[in-house]
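A closer look at the structure
Spelled out, the chains give:
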Amino acid sequence: MKIEPKRVCIYPKDIQRITGKSYRQSIRLMQKIRKDLRKLENEFLSIEEFCQYTSLKYEQIEPHIIG
């Protein structure tokens, strides 16, 4: 029985799939979330932080996250 590893970080392509926005708009949203959470530019954004910021449930976005 093999357990599939789950990703912890979210990327602009994931945000694009979830929101339907363009790739560039997804990057801007990701930058805004990082800024509001006082994260550095090189720090990753977790899926959990994205869910809290956007008030979406993990169960809603999980099907849109590939890999």
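Read on for an overview of the structure. (Residues numbered from 1 in each chain as written. Predicted model: local features only at pLDDT ≥ 70, side-chain atom pairs only at ≥ 80, totals over all residues. Heavy atoms only, no water.)

Comments concerning the overall build of the protein chain
To keep it simple, the criterion reads: Secondary structure elements follow DSSP: runs of H or I no shorter than four residues count as helices, runs of E no shorter than two count as strands, and numbering proceeds from the N terminus. The atom set for the radius of gyration is the C-alpha atoms, and the globule formula is 2.2 Å times the number of residues raised to the power 0.38.
A count of helices and strands for the protein chain gives four helices and zero strands. When the helices and strands of the protein chain are read in sequence order from the N terminus, they spell out α-α-α-α. Radius of gyration (C-alpha) of the protein chain: 12 Å, near the 11 Å computed for a compact globule of 67 residues. Each principal axis of the C-alpha atoms in the protein chain carries an extent, and together these give about 40 × 25 × 20 Å.

Quick word on the side chain of S46
Threshold: Should any heavy atoms of two residues lie within 4.5 Å, those residues are considered in contact.
Within the element layout of this structure, S46 appears in the loop between α2 (23-36) and α3 (47-54). Excluding its chain neighbours within four sequence positions, the residues that come into contact with S46 are V8, C9 and I10.

Description of the nonpolar core
Selection criterion: To define a nonpolar core, start from buried Ala, Val, Leu, Ile, Met, Phe, Trp, Tyr and Cys residues and group those joined through side-chain atoms within 4.5 Å. A 1.4 Å probe rolled over the protein chains alone gives each residue an accessible area, and that area as a share of the maximum for its type sets the label: buried under 20%, exposed over 50%, partly exposed in between.
Listed in full, the eleven residues of the largest apolar core are I10, I15, I18, M30, I33, L45, I47, F50, C51, I61 and I65. Contributing elements (two or more residues each) for this core: α1 (12-19), α2 and α3. Beyond its immediate chain neighbours, meaning those up to four positions away, L45 contacts V8, C9, I10, M30, I33, L37 and K39.

Concerning the pattern of salt bridges
Cut-off, in case you're wondering: Just to be clear on terms, a salt bridge is a Lys or Arg side-chain nitrogen sitting within 4 Å of an Asp or Glu carboxyl oxygen.
Counted by the stated rule, this structure contains four salt bridges. A salt bridge links D14 to R7, with the nearest nitrogen and oxygen atoms 2.8 Å apart. Given a relative accessible area of 3%, D14 falls into the buried group. The partner of K39 in a salt bridge is E49, with the nearest N and O atoms 3.4 Å apart. Here E49 lies in helix α3 and K39 lies in the loop between α2 and α3, a separation of ten residues in the sequence. Among the residues examined, K39 registers a relative accessible area of 21% and is labelled partly exposed. One network of salt bridges, with partners in common, ties together R7, D14 and R17.

Function cannot be inferred from these measures alone, as they are strictly geometric.
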